[in-house]
There are 2 protein chains.
Amino acid sequence: MSHNVLYAQSGGVTAVINASACGVIETVRRHPEHFGQVFAARDGILGILREELFDLSPEYPGQIAALRHTPGGAFGSCRADLGELQTHPEQYQRLLDVFAAHDIGTFIYNGGGGSMLTAAKVARFARLNHLDLRVIGIPKTIDNDLPQTDTSPGFGSAAKYIATSVREVSLDLAAMSGTSTKVFIMEVMGRHAGWLAAAAGLAFNQEDSPLLLMFPERPFAQQNFIGALQERIARHGWCIVVVAEGLLCADLSFCAQAQQSATFGHEQLGGMAPQLAELTRKLGYKTHWAVSDYFQRSARHIASKVDVEQAYACGVSAVSLAMSGRTDLMVTIARTSDEPYLWALGSVPLDEVADVELPVPAAFIRFDGFGITPAARRYLLPLIQGEDIPPFRDGLPVFADLKLQMAEKRLPDWDLL
Amino acid sequence: MSHNVLYAQSGGVTAVINASACGVIETVRRHPEHFGQVFAARDGILGILREELFDLSPEYPGQIAALRHTPGGAFGSCRADLGELQTHPEQYQRLLDVFAAHDIGTFIYNGGGGSMLTAAKVARFARLNHLDLRVIGIPKTIDNDLPQTDTSPGFGSAAKYIATSVREVSLDLAAMSGTSTKVFIMEVMGRHAGWLAAAAGLAFNQEDSPLLLMFPERPFAQQNFIGALQERIARHGWCIVVVAEGLLCADLSFCAQAQQSATFGHEQLGGMAPQLAELTRKLGYKTHWAVSDYFQRSARHIASKVDVEQAYACGVSAVSLAMSGRTDLMVTIARTSDEPYLWALGSVPLDEVADVELPVPAAFIRFDGFGITPAARRYLLPLIQGEDIPPFRDGLPVFADLKLQMAEKRLPDWDLL
């Protein structure tokens, strides 16, 4: 029964994915009767295929504990997924070999919808081949677009960063607007779903605020936008625009399309803010703009306490599920009450979450398309509750410092693809 | 002796300019034997000319105290300065009228170099006309370009935000770089001086780090940049570039020139990050970029405790100087020791700081032009020490909520210019 555990991180990292790693590693270490040692793959599934596994045995408990407050992905992440079994059987054979060589009995994959698809493929392959392998997914995405779970770890902290930043910047803009800047545009992530733009709505408590949110769920309509902007400025003297990077034009193409990524076929977006700023300047408003990019998913110093707790708990739960012999599941968070926010952990078959993207529901977007509804506020507010300030030394946050010692390879090198 | 005090904010606001306001107002209130009431002009010098003065008497002490942790400029700011006495005597006559109408005996102006010039003009006019008026300046600028003072309130907090953000994002980039993004570009403020770019150097403790800083003090040399970038990526696998908005091209024009501001003749910069990203993508590196813009000067949640203390102390000192009958001075901060950081308050004639911009000294920029020296580190590190987290409610920071009741006008309306 004391097989080893392999943990890996996948997709864009977050402020709290390492808190899930912390939950996994600490829980495995608390159960030597059940598990051998725990490995972490370098760069997600790619590291498994390459047999690049970090041996976590020599890591100090204090440094593993520090993962809880460390942003980024401590073991490296990747944007690659497994091919289909039919077309890429050699990838699956290689996984089998690596798992066997390192006596892996539990594989825990921490990522978003695409990563859950990869986990589901591994689980299916294991089932077909009667392997003694438990495959468990841990949700992770700042985009909050995973179905079947109340939220995904990573989102709450990004949401808190955005709402805090917008609240702070609103005071700056208010001070300058009398004689200078009238419009401030902030571009946030969200390729297909506007959850992060929605989070900006929390910056103001009242509905009647000088804030326009622009969702990928609502294609850009220039005249509506101009009208709404002018109305806000006439009433308040200034306006903040928070626009999702994935805003669609009327023809449903991305408004901002920076370049094709050569590697994985994703378009790399970015540039909505300067593009909108050109428009608002033409309207005669002095405009400032900001693009948060990676900051919104790395800002561990302003993480949501609820988010950190959920991330850690999901890690613990993944290990518990494996200990109970369960497999082919993703850990989920179920909300049982809005206020106070009560939640419990659950699980769902990987297939039900694999590669599904959940948009912001229509009931959460205000009728004019530029704000959130009270229902959205009830949903979002619990997710940003509480602060979880990391330790600071010499004025700066201090993060985990791991040895990251590579486990000895036992297989011949493997050429990818 | 119990004349009133008029306080005003000028120029781009910061995370701590309201802490100076707090110091001014609380100190005036503690000395009813010396002062009447305290007014704050709306939108800086413009509010004085327009006789738009907030009567602060009805503000609750708790809300005045809350100014200490409130970013932005609570009374509004402006980018306008007074004209010359020779060409715009009517502006000075109007100031005289407003000061007389509201029995102003002390005028405290809180701003940067341009604002100190305006304060100096007022002081000179008062002297020439034998007015019973004390004029005191309080330094404020995130650009840290005021001479004669160890630093200016506002800079330390922006520096801490930038260094913290870069340290956090470095973990994100490190995780992604194995298979995806190799370059992250952050654009920071700094039109003529690279102090904020320099602050990013604090994100890494060691000299040998994957970080390139680009200073306005060092015109852009494309081949040097490409060489340094390639070298960092070859050695570390990734690189963070922090570029000042005011980077100059070889011909000493701004590399990024967004538009001419119709109002005050400043060019509005912005766009260095996407411009550099175009270059690094051409070199074959997947690149992410961010522009912090107002966030770096509003992020009160990650303010430097030292900065907040200095901002408040400068406010107190301005009032003390006025109480001693001093005038025509700006409060300064003098450093007496690097480690531990010891500082004391001083003062300097307004003329010596008016409209002077202090660049980063050559001794602070590494010989290759892309980093900071140990001397810079010794200077910068004390300024970001300590955290001063504002109170949070419902997941978000809570800021001062003032009544901002306008004092009754006693003069006829005045048409500007």
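Residues numbered from 1 in each chain as written. Chains lettered and ligands numbered in written order. Predicted model: local features only at pLDDT ≥ 70, side-chain atom pairs only at ≥ 80, totals over all residues.

Draft legend 1. Quick look at the sheet that holds strand β3 (residues 53-55) of chain B. All names here are of chain B. With mixed pairing, the eight strands of this open sheet are ordered in space as β13-β12-β5-β4-β1-β2-β3-β16. Of all strands in the sheet, those bounded by a partner on one side alone are β13 (342-349) and β16 (405-406). Where strand β1 (residues 4-9) and strand β2 (residues 38-41) come together, three bridges link them in parallel fashion. The residue bridging Val5 from the neighbouring strand is Val38, located in β2. (Pairing = 2+ DSSP bridges. Helix = DSSP H or I, 4+ residues; strand = E, 2+ residues; numbered from the N terminus.)

Draft legend 2. A look at the relation of the copies chain B and chain A. Once turned by 180° and shifted 0.0 Å along the axis, chain B lies on chain A with an RMSD of 0.0 Å. Taken together, these values place the two copies in the relation of a two-fold axis. Among all C-alpha atoms of chain B, that of Val291 of chain B lies closest to the rotation axis, at 2.5 Å. Interface residue correspondence from chain B to chain A reaches 100%, placing this contact among same-surface, isologous pairings. (Least-squares fit on C-alpha atoms with pLDDT ≥ 70 in both. Contact = placed C-beta atoms within 7 Å.)

Draft legend 3. Region of interest: the interface of chain B and chain A. Taken together, the contact between chain B and chain A spans 64 residues of the former and 64 residues of the latter. Of all the elements in the fold, those that place two or more residues in the side of chain B that touches chain A are α6 (155-176), α9 (272-282), β11 (287-291), α10 (295-298) and β15 (396-397) of chain B. Per-element tally for the side of chain B that touches chain A: the top contributor is α6 of chain B, with twelve residues. Its residues assigned to classes, the side of chain B that touches chain A shows 28 nonpolar, 22 polar and 14 charged. (Nonpolar A, V, L, I, M, F, W, Y, C, P; charged D, E, K, R; others polar.)

Draft legend 4. Highlighting the sheet that holds strand β2 (residues 38-41) of chain A. All names here are of chain A. On the basis of which strands lie adjacent, the open sheet formed by eight strands has the order β13-β12-β5-β4-β1-β2-β3-β16 and mixed pairing. Edge positions in the open sheet fall to β13 (342-349) and β16 (405-406), since each of these has one partner strand only. Bridging between strand β4 (residues 104-111) and strand β5 (residues 134-139) involves six bridges; their strand directions are parallel. Residue Ile108 lies in a different strand from β5, and its bridge partner there is Ile136. Helix α1 (residues 17-29) rests against β1 (4-9), β2, β4 and β5 of the sheet, and its axis sits at about 175° to β1. (Axes fitted to C-alpha atoms, helices over the stretch in contact; angles between N-to-C directions.)

Draft legend 5. Spotlight on the packing of helix α1 (residues 17-29) of chain B against helix α11 (residues 305-323) of chain B. Residue and element names in this part refer to chain B. The contact between α1 and α11 brings their axes to 7 Å, and the two run at 40°. Remark: the crossing between α1 and α11 carries right-handed chirality. Of α11, the residues touching α1 (which contributes Ile17, Ala19, Ser20, Ala21, Cys22, Gly23, Val24, Thr27 and Val28) are Val308, Ala311, Tyr312, Ala313, Cys314, Gly315, Val316, Ala318 and Val319. Its residues placed into classes, the contact of α1 with α11 shows 14 nonpolar, four polar and no charged. (Left-handed = near helix turned anticlockwise from the far one by under 90°.)

Draft legend 6. Fine view of helix α8 (residues 222-236) of chain A. The terminal C-alpha atoms of α8 of chain A lie 21 Å apart, and with 15 residues this matches the ideal 21 Å at 1.5 Å per residue to within 8%. Looking at the residues trailing α8 of chain A, positive phi occurs at Gly237 of chain A, about 95°. (Expected span 1.5 Å × (residues − 1).)

Draft legend 7. Seen up close, the pairing of strand β6 (residues 183-188) of chain A. All names here are of chain A. Counted residue by residue, β6 has six buried out of six residues, so it is predominantly covered. Where burial is concerned, the two faces of β6 agree: the one with Val183, Ile185 and Glu187 and the one with Phe184, Met186 and Val188 are both buried. Bridge count between β6 and strand β8 (residues 239-244): six bridges; the pairing is parallel. Residue Val188 lies in a different strand from β8, and its bridge partner there is Ala244. Where β6 and strand β11 (residues 287-291) come together, five bridges link them in parallel fashion. The partner of Val183 across the bridge, within β11, is Thr287. (Buried ≥ 20, exposed ≤ 12 C-beta atoms within 10 Å, placed from the backbone.)

Draft legend 8. View of the domain arrangement of chain A. Residue and element names in this part refer to chain A. By domain assignment, chain A separates into domain 1 (4-141 + 301-355 + 388-406) and domain 2 (155-299). In this structure, domain 1 and domain 2 have C-alpha centres spaced 33 Å apart. On the domain 2 side, the residues contacting the 16 residues of domain 1 number ten residues. Its residues assigned to classes, the side of domain 1 that touches domain 2 shows eight nonpolar, six polar and two charged. (Domains from an automatic or database assignment.)

Draft legend 9. Region of interest: α9 of chain B. Within α9 of chain B, burial applies to Met272, Ala273, Pro274, Leu276, Ala277 and Thr280 of chain B. Residues of α9 of chain B that are buried sit in contact with α9 (272-282) of chain A together with β6 (183-188), α8 (222-236), β8 (239-244) and β11 of chain B. Phi turns positive, to about 100°, at Gly284 of chain B, one or two residues after α9 of chain B.

Draft legend 10. Representation of unusual backbone geometry within the structure. Residue and element names in this part refer to chain A. A cis amide bond links Glu339 to the next residue, Pro340, at an omega of 5°. Along the chain, Pro340 falls in the loop between β12 (329-337) and β13. Of note in the backbone geometry, Asp103 takes a positive phi value of approximately 55° without being a glycine. Considering the arrangement of structural elements, one finds Asp103 in the loop between α4 (89-101) and β4.

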